[in-house]
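Take a look at the letters that make up each chain.
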Amino acid sequence: MNGYQYLENDFFDLCKTRKIRVVPMLLYIYLRGLYCRFQSSEFFYKDKQIQGHLGLIHKTLQRARLFLQERGLIKFVSGVGNTLTTYQMLGTVLLPGGMAKKPIGCGHFKGKGVVKKTTPIYKSYERVKNRIGEEVFKGVPKDERINLQARGLL
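Note that this is a predicted model, so its numbers are computed, not measured.

Criteria and thresholds
- Within each chain, residues carry numbers counting from 1 in the order of the written sequence.
- At least 70 in pLDDT is required for a residue's local features to be given in this predicted model, at least 80 for side-chain atom pairs to be given and counted, and no such filter applies to totals for whole chains, interfaces and linings, which use all residues.
- Hydrogens are left out, water is left out, and the side-chain values use all remaining heavy atoms of the structure.
- pLDDT measures the predictor's confidence residue by residue and takes values from 0 up to 100.
- Each helix is a run of H or I in the DSSP string that is no shorter than four residues. Each strand is a run of E no shorter than two, and both are numbered from the N terminus.
- Residues are treated as being in contact if the distance between any of their heavy atoms lies within 4.5 Å.
- What makes a nonpolar core is a set of buried Ala, Val, Leu, Ile, Met, Phe, Trp, Tyr and Cys residues whose side-chain atoms join them at distances within 4.5 Å.
- Partly exposed describes any residue whose relative accessible area lies between the buried limit of under 20% and the exposed limit of over 50%, with all areas from a 1.4 Å probe on protein chains only and scaled to the type maximum.
- Strands pair, by our definition, only if DSSP identifies at least two bridges between them.
- Helix axes use the C-alpha atoms of the stretch in contact, all axes being lines fitted to C-alpha atoms, and the angles between their N-to-C directions lie in the range 0 to 180 degrees.
- The salt bridge definition used is simple: a Lys or Arg side-chain nitrogen within 4 Å of an Asp or Glu carboxyl oxygen.

Colleague: Go over the confidence of the model for the protein, please, and point to the residues and values.
Modeller: For any part of a model where pLDDT is low, the fine detail of the predicted coordinates should not be relied upon. Overall, the prediction assigns the protein a mean pLDDT of 74, with 62% of residues at 70 or greater. Within the protein, the lowest mean pLDDT, 55, falls on helix α5 (residues 124-130), and the highest, 93, falls on helix α4 (residues 58-70). Low pLDDT, under 50, characterises residues 98-104; the stretch is placed with 19 contacts to residues that sit more than four places away or in other chains. In the predicted structure, residues 108-115 sits below a pLDDT of 50 and forms 16 contacts with residues beyond four places in sequence or in another chain.

Colleague: So what about the nonpolar core? Which residues, and what values?
Modeller: In terms of nonpolar packing, the biggest core is built from 26 residues, with Leu 27, Leu 31, Phe 43, Ile 50, Ile 74 and Tyr 87 touching the most fellow members. At nine residues, the largest contribution of residues to this core is made by helix α2 (residues 22-38). For Ile 50, the contacting residues outside a window of four places in its chain are Leu 27, Tyr 30, Leu 31, Tyr 45, Gly 55, Leu 61 and Tyr 87.

Colleague: Go over the sheet that holds strand β1 (residues 42-45), please, and point to the residues and values.
Modeller: In space, the three strands of this open sheet follow the order β1-β3-β2, with antiparallel pairing throughout. The open sheet has two free edges, formed respectively by β1 and β2 (74-77), since each of these has just one partner strand. Ignoring strand direction, the axes of neighbouring strands in this sheet form an average angle of 25°. In this sheet, strand β3 (residues 85-89) lies alongside β2 in antiparallel orientation, the contact comprising four bridges. Looking at β3, one finds that Lys 75 is bridged to Gln 88.

Colleague: Tell me about the pattern of salt bridges, residues and numbers included.
Modeller: As enumerated under the stated definition, the model contains one salt bridge in all. With a shortest N-O distance of 2.8 Å, Asp 47 and Arg 65 are connected by a salt bridge. A residue pair is termed long-range when its members are at least 10 positions apart, and Asp 47 in helix α3 (residues 47-54) and Arg 65 in helix α4 qualify at 18 residues. Judged by relative accessible area, which is 11%, Asp 47 ranks as buried. Residue classification places Arg 65 among the buried residues on the basis of a relative accessible area of 1%.

And the structure:
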C-alpha cells in the first residue's frame, strides 16, 4: 500500500475535540499525505500546488497554516518568490509514527526552488561493463574487425 494514507476511526473525533475547523483539517490531511509520501517529518512544497489541489486562495491557505501551527500540529516557514514553503509535521496522535528525519523536497526541487540537474557518473567498472567486447563480433572476419577498430566501435 505504498502512497496510501490511513485515517484512524477517531481522527475526526480528535479533530473535533481540538476544535480544528474544516479547511485546516483538509490542509492537515493533505500535509499528512505529503508526510507519508516523502517519509519525512520535514519537507518542502509549493504553495501554488497546494492551492490548486485543494481549491484554496492564498489568504485561506495562510490562515489554515497559522491555525494548525497555533494548535501545535505543524511548523512552517513560508517561502518567498521561488522558494518553497518548509513544513515540519509535529508528532501528535493525529500523525502516523515511525518516519525518517531528513528533509525532502517536491520532485526535483530542493528548498530554494532550484532545479537540480544531474548527469550520471559512471564508475570504472560500469564503463568496462558497458563497453562492447570482441565476443559480440565473433562471427566477423579479421579485416572487418580492423575496420571497426579504426572507427572506434571495437
